[in-house]
Amino acid sequence: MGALRAGGLWWNFPPNGGRNNKRRSSKRPNSSSSDSMDLAKEGFQFPYKQAATAASLTLTGDTIAQCRDKFSRWRQKSGDADFDEKEVASILLSDHDWLRAFRMASYGFFLYGPGSHAWYQFLDRCMPQPSFVNISAKVILNQIVLGPCVIAVVFAWNNLWLGKLSQLPSKYQKDALPTLLYGFRFWVPVSVLNFRVVPLSARVAFMSSCSIFWNFYLSSTMSK
């Protein structure tokens, strides 16, 4: 059999355990070595476009979170007093935590963008057919594999920058599970659209665009 099929779920294995490929590669060593070099080069290519997209949208989410926090604090101090637009604008633009913004943007550029890009490529190689079973499997794997990894990494990245790695276990115990469960409600429908409609090359951008709301939530959780 050329592939193993289980209820519509396709996993691409080489036919006959790869024996035919070995015979062909022995006949054409130069072609095989050049293909291996091309694959190696592709494996080490940094996805700058996806990384930059993730960083900019992560920064947007953090900016919204900071503006919301500053406006909420100002409203608590002023009570029900009237305010003008210029005063609100000056409050939102003042005392912006640029280190926090850079921390979240660097997470998007170095970790989330490249990591999610590689993850979606892996899922598409394993399950290329856009069947109901494949899409369901991708959504489930996204939630039980990518979701916990993202939360674990962003918590660790934030505490590393703050010099609070010793507090990381307590941060996990306090916020990791609620954040994950909250994310299920948001990311499950988003993932269905992502795998069903969006092409592979645009999936990081689509998920990053949707994650403006999620980054707003994450940034608020990180600042607690």
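Residues numbered from 1 in each chain as written. Predicted model: local features only at pLDDT ≥ 70, side-chain atom pairs only at ≥ 80, totals over all residues. Heavy atoms only, no water.

Asker: Sorry if this is basic, but what is going on with the packing of helix 5 (residues 98–126) against helix 6 (residues 132–162) here?
Answerer: Helices that pack against each other are described as a pair by the angle of their axes relative to one another and the distance between those axes. Remark: helix 5 packs on helix 6, axes separated minimally by 10 Å, with the N-to-C direction vectors making an angle of 155 degrees. Between helix 5 and helix 6, the interaxial angle falls into the category roughly antiparallel. Where helix 5 crosses over helix 6, the two elements pack in a sense that is right-handed. Packed against helix 5, whose contacting residues are Leu99, Phe102, Arg103, Met104, Ser106, Tyr107, Leu111, Tyr112, Trp119, Tyr120, Leu123 and Asp124, the element helix 6 presents Lys138, Leu141, Asn142, Val145, Leu146, Val150, Val153, Val154, Trp157, Asn158, Trp161 and Leu162 at the interface. Residues belonging to the contact of helix 5 with helix 6 are distributed by class as follows: 18 nonpolar, three polar and three charged. (Axes fitted to C-alpha atoms, helices over the stretch in contact; angles between N-to-C directions. Helix = DSSP H or I, 4+ residues; strand = E, 2+ residues; numbered from the N terminus. Parallel < 35°, antiparallel > 145°, perpendicular 65-115°, else oblique. Left-handed = near helix turned anticlockwise from the far one by under 90°. Contact = heavy atoms within 4.5 Å. Nonpolar A, V, L, I, M, F, W, Y, C, P; charged D, E, K, R; others polar.)

Asker: What should I look at first to understand the nonpolar core in this one?
Answerer: Across soluble globular proteins, nonpolar side chains have a tendency to be buried as a group. Core analysis: the largest hydrophobic core is formed by 31 residues, its most contacted members being Tyr112, Tyr120, Phe155 and Trp187. Broken down by secondary-structure element, the contributors of at least two residues to this core are helix 5, helix 6, helix 7 (168–196) and helix 8 (203–222). Considering each element in turn, this core owes the most residues, nine residues, to helix 6. Every residue in contact with Tyr120, bar those within four places of it in the chain, is listed here: Tyr112, Asn142, Leu146, Asn194, Phe195, Leu200, Arg203, Val204 and Met207. (Core = buried A, V, L, I, M, F, W, Y, C linked by side-chain atoms within 4.5 Å. Buried < 20%, exposed > 50% of the residue type's maximum accessible area, 1.4 Å probe, protein only.)

Asker: Before we go on, may I ask you to explain the side chain of His96 in this structure?
Answerer: Secondary-structure assignment places His96 in the loop between helix 4 (85–93) and helix 5. When neighbours within four sequence positions are excluded, His96 is seen to be in contact with Thr63, Gln66, Lys70 and Ala101.

Asker: Can you help me understand the packing of helix 3 (residues 48–78) against helix 5 in this one?
Answerer: One can describe the packing of helix 3 onto helix 5 by two numbers: an axis separation of 7 Å at closest approach and a directional angle of 145 degrees. You can see that helix 3 and helix 5 cross each other, and the crossing is right-handed. Together, Tyr48, Gln50, Ala51, Ala52, Ala54, Ala55, Thr58, Leu59, Asp62, Ala65, Gln66 and Asp69 of helix 3 and Arg100, Ala101, Met104, Ala105, Tyr107, Gly108, Phe109, Tyr112, Gly113, Pro114 and His117 of helix 5 make up the contact between the two elements. Of the residues assigned to the contact of helix 3 with helix 5, the class counts are 14 nonpolar, six polar and three charged.

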